[in-house]
Amino acid sequence: MQDFQKTPAQQRALQLLQGSARHILLFGGSRSGKTFILIYALLVRALKAPGSRHAILRFHGNGARYAVGFDTLPKVISLAFPGLKAEYNKSDNFFMLPNRSEIWLGGLDADERADRILGREFATIYFNECSEIPYSGITTALTRLAQKTRLQNRAYYDCNPSGRSHWSYKLFIEKVDPESRQALAMPENYVSMLMNPTDNQVNLPAGYIENTLAGLSLRQKNRFLNGLWQDDNSNALWTPDLIERNRVCRAPADLERVVIGIDPAVTGNTGSDLTGIVAAGRSSDGDYYVLADASLKASPLNWARTAVELFNRYAADRIVSEVNQGGDLIEMALRNVAPDIPCKSVRATRGKLLRAEPVAALYEQNKVHHAGFFTELEDEMCNYRGLSSQSSPDRLDALVWALTELAQRNFSAYPIIA
């Protein structure tokens, strides 16, 4: 094994990873070396225990495979374990090491892939980008941290910190159970460490911190540069806790309705050229599920194509689009892509916050579930206060239109659409 040059922060992280705690979280800003050192530690464990099994999990399996398995993992092997051969099994998505240890890659968002992973036992489970994984997915996966080897079974976690209501803050910082809010019985089993890009500057391209991270908004800078946990905005209609408490890994397969909500971009008027595109569905028991946020900056033709692709992916029955600014041009853009697609035009007659209030009430009644983690959408939801200085919340508007369409029978008292 080559003794590659570890940063001082990575050396401190290794000391933490070699301690007695079974659950270790590395949190902080973007590109701070967290993922690299956790994969290094996982490989050391795999090489120490022949035949052991280890998992690297994200919410979406493709992220685990491409961002970690085909990018960071080979880099770690090349730098720290030159000459080590890792044979990839494409059908089951795992790497086999020469000592017969296995490193599995997977996600917790799809039944087939999740079952393939969770049907096995592991000595290490690494939750990469854990802020995007619902707590229910974490607890389910941890039931498989049960392989009997010479190693002490451990769970690794990393994230760019989100809100203080997130389960990772509750568990590792406040040392309370995220569901019961009771103090942990063994808090010493949950340890964490802050790592920021400035700790890893020797490995970053020139100007990354100064030109890329320093130019972010204050909230994004605090998260991706300074690695700070975010305060909840008490003046917003939503809080991270309100969203988190009903988050699920996946929506039911038999949703009775699915709609696509669109808030088209009007460059120059709202100061934004982002088109909000959100998919949501309703189950037979009257609960609602946010399925996807496909918002993007694009021409009318390209955002229309994205909306139609989302429509087809979720077998939706309608696209609902605000037409206050674009009028018939909005429906024309959609029909240029799919002439027969069912569209409904809606026109706002009240302010954004007033339109959003009945939707926020559904969240307070525990009737809306996010099927996954939608970082940018949720940031808008938890930070928009209706101030004239704030950018138009395009993702939030698209969400409101989709859920309003699905919940029309519950909103008869709200004159929010002309």
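Conventions adopted
The numbers attached to residues start from 1 for each chain and follow its sequence in the written order. Predicted model: local features are reported for residues with pLDDT of at least 70 only, side-chain atom pairs are reported and counted for 80 or more only, and whole-chain, interface and lining totals are derived from all residues. The basis for the side-chain values is all heavy atoms of the structure; hydrogens and waters are excluded. Paired strands are those between which DSSP finds at least two bridges. Put simply, DSSP H or I for four residues or longer makes a helix, DSSP E for two residues or longer makes a strand, and each gets a number counted from the N terminus. Helix axes are fitted to C-alpha atoms over the stretch in contact, other axes to C-alpha atoms as well, and angles between N-to-C directions run from 0 to 180 degrees. Any two residues whose heavy atoms approach within 4.5 Å are treated as being in contact. In these notes the angle categories are as follows: under 35 degrees is roughly parallel, over 145 is roughly antiparallel, 65 to 115 is roughly perpendicular, and the rest is oblique. Handedness of a crossing is defined here by the sense of rotation of the near helix relative to the far one, left-handed for an anticlockwise turn of less than a right angle and right-handed for a clockwise turn. Whenever a carboxyl oxygen of Asp or Glu lies within 4 Å of a side-chain nitrogen of Lys or Arg, that contact is scored as a salt bridge. Only protein chains enter the calculation, and the probe is 1.4 Å; a residue is then buried if its accessible area is under 20% of its type maximum, exposed if over 50%, and partly exposed in between. Within this scheme, the nonpolar core is defined by two criteria: the residues are buried Ala, Val, Leu, Ile, Met, Phe, Trp, Tyr or Cys, and they are joined through side-chain atoms within 4.5 Å. One axis fitted to the seven residues ending at a residue, another fitted to the seven starting there: the angle between these axes is the bend at that residue. Here pLDDT means the predictor's own confidence in every residue, given as a number from 0 to 100. Working definition: a ring pair exists when centres of Phe, Tyr or Trp rings (six-membered ring for Trp) sit within 6.5 Å. Plane angles under 30 degrees give stacked, over 60 give edge-to-face, the rest tilted.

Chemist: What exactly am I supposed to notice about the sheet that holds strand E4 (residues 94–96) here?
Modeler: Within a beta sheet, neighbouring strands are joined by backbone hydrogen bonds and run either parallel or antiparallel to one another. Spatial ordering of the open sheet is given by E3-E4-E5-E2-E6-E7-E1-E8, a layout of 8 strands whose pairing is mixed. Two strands close off the open sheet at either side, each with one partner strand: strand E3 (87–89) and strand E8 (190–194). Each adjacent strand pair in this sheet contributes to an overall mean axis angle of 20°, direction not counted. Running at roughly 170° to strand E6 (residues 124–127), helix H5 (residues 135–142) makes contact with strand E1 (23–27), strand E2 (53–58), E6 and strand E7 (154–159) of the sheet.

Chemist: What am I meant to see in the packing of helix H2 (residues 34–48) against helix H3 (residues 61–80) here?
Modeler: The description of two helices packed together rests on the angle between their axes and the distance between the axes. Where H2 contacts H3, the axes come no closer than 10 Å and their chain directions differ by 70°. When the axis of H2 is compared with that of H3, the two are roughly perpendicular. Viewed along their axes, H2 and H3 form a crossing whose handedness is right-handed. On H3, the residues touching Thr35, Phe36, Ile39, Tyr40 and Leu43 of H2 are Val68, Thr72, Leu73, Lys75, Val76, Ile77, Leu79 and Ala80.

Chemist: So what exactly am I meant to see when it comes to the pattern of salt bridges here?
Modeler: Side-chain pairs of opposite charge can arise where the charged atoms are in close proximity. Evaluation of the coordinates by the stated rule reveals 15 salt bridges. For Glu244, the salt bridge identified is with Arg247, shortest N-O distance 3.0 Å. For Glu244, a relative accessible area of 13% corresponds to the buried category. Judged by its relative accessible area of 8%, Arg247 falls in the buried class. The shortest N-O distance in the salt bridge between Asp317 and Arg257 comes to 2.7 Å. Here Asp317 is found in the loop between helix H10 (300–313) and strand E13 (318–322), whereas its partner Arg257 is found in strand E9 (residues 257–263), with 60 residues between them in sequence. Of the residues examined, Arg257 reaches a relative accessible area of 18% and is grouped as buried. Each of Arg257, Asp317, Arg318, Lys344 and Glu405 takes part in a single network of salt bridges with overlapping partners.

Chemist: Could you clarify how one ought to interpret the side chain of Lys6 in this entry?
Modeler: You can see Lys6 is positioned in the segment before helix H1 (8–17). On the basis of relative accessible area, Lys6 is assigned to the buried category, the value being 13%. Residues in contact with Lys6, not counting those within four places in the same chain, are Gln11, Leu14 and Tyr40.

Chemist: Explain the nonpolar core here, please?
Modeler: As a rule of thumb, soluble globular proteins bury nonpolar side chains together. By size, the foremost hydrophobic cluster in this structure holds 34 residues, and its most contacted members are Leu26, Tyr40, Leu43, Phe81 and Tyr156. Of all the secondary-structure elements, those providing two or more residues to this core are H1, E1, H2, H3 and strand E5 (102–107). Leu57, Ala155, Trp167 and Trp229 belong to the second largest nonpolar core, which has 31 residues in total.

Chemist: Even after reading the chapter, I still don't get unusual backbone geometry, so can you show me in this structure?
Modeler: For residues other than glycine, phi is negative in most cases, and the peptide bonds are mostly trans. Phi is positive for Arg100, close to 75°, though the residue is something other than glycine. Residue position: Arg100 is located in the loop between E4 and E5. When its relative accessible area of 54% is taken as the criterion, Arg100 is described as exposed. A positive phi angle is found at Arg181, which is not glycine, with a value near 65°. Structurally, Arg181 is set in the loop between helix H6 (167–172) and E8.

Chemist: Looking at this structure, how should I read the environment of Leu242?
Modeler: Its location among the elements puts Leu242 in helix H9 (residues 240–244). Sequence-wise, Leu242 and Cys382 are 140 residues apart; in three dimensions their C-alpha atoms are separated by 9.5 Å. Filtering out sequence-adjacent residues up to four positions away, Leu242 remains in contact with Leu237, Tyr363 and Glu364.

Chemist: Is there a simple way to explain H3 in this structure?
Modeler: In an α-helix, one turn spans 3.6 residues; hence positions three or four apart end up facing the same way. The sharpest bend along H3 measures roughly 35° and falls at Val68. Taken residue by residue, H3 has Gly61, Gly63, Ala64, Arg65, Val68, Gly69, Thr72, Leu73, Val76, Ile77 and Ala80 as its buried positions.

Chemist: Explanation requested: the environment of Leu25 in the structure shown.
Modeler: Mapping Leu25 onto the fold places it in strand E1. Between the C-alpha atom of Leu25 and that of Cys130, which follows or precedes it by 105 residues, the distance is 9.3 Å. Apart from residues lying up to four places away in sequence, Leu25 is in contact with Cys130, Tyr157, Asp158, Cys159, Phe172, Val191, Ser192, Met193 and Trp229.

Chemist: Looking at this model, I keep getting lost on the confidence of the model for the protein chain. Mind explaining?
Modeler: Should the pLDDT be low somewhere, the predicted coordinates at that spot are not to be read in detail. Looking at the protein chain, pLDDT values average 87 and 89% of them are 70 or higher. Averaged over each element, pLDDT in the protein chain is lowest for helix H4 (residues 111–118) (64) and highest for E6 (98). Low confidence marks residues 412–418, where pLDDT is under 50. Its contacts with residues over four positions away, or in another chain, come to 18 contacts.

Chemist: Looking at this structure, I do not really get the packing of aromatic side chains. What am I missing?
Modeler: Applying the stated rule across the entire model yields 13 aromatic pairs. Ring centres of Tyr88 and Phe95 lie 4.9 Å apart, and the angle between their planes is 40°; this geometry places the pair in the tilted category. By relative accessible area, which is 9% here, Phe95 ends up buried. Ring plane angle 40° and centroid distance 5.5 Å describe the contact between Tyr135 and Trp167, whose orientation is recorded as tilted. One end of the pair, Tyr135, is in helix H5; the other, Trp167, is in helix H6, with 32 residues separating them in the sequence. Residue Tyr135 shares its accessibility class with Trp167, and that shared class is buried. Here the aromatic cluster, defined as three or more aromatic residues joined through ring pairs, consists of Phe127, Tyr135, Tyr157, Trp167, Phe172 and Tyr190.

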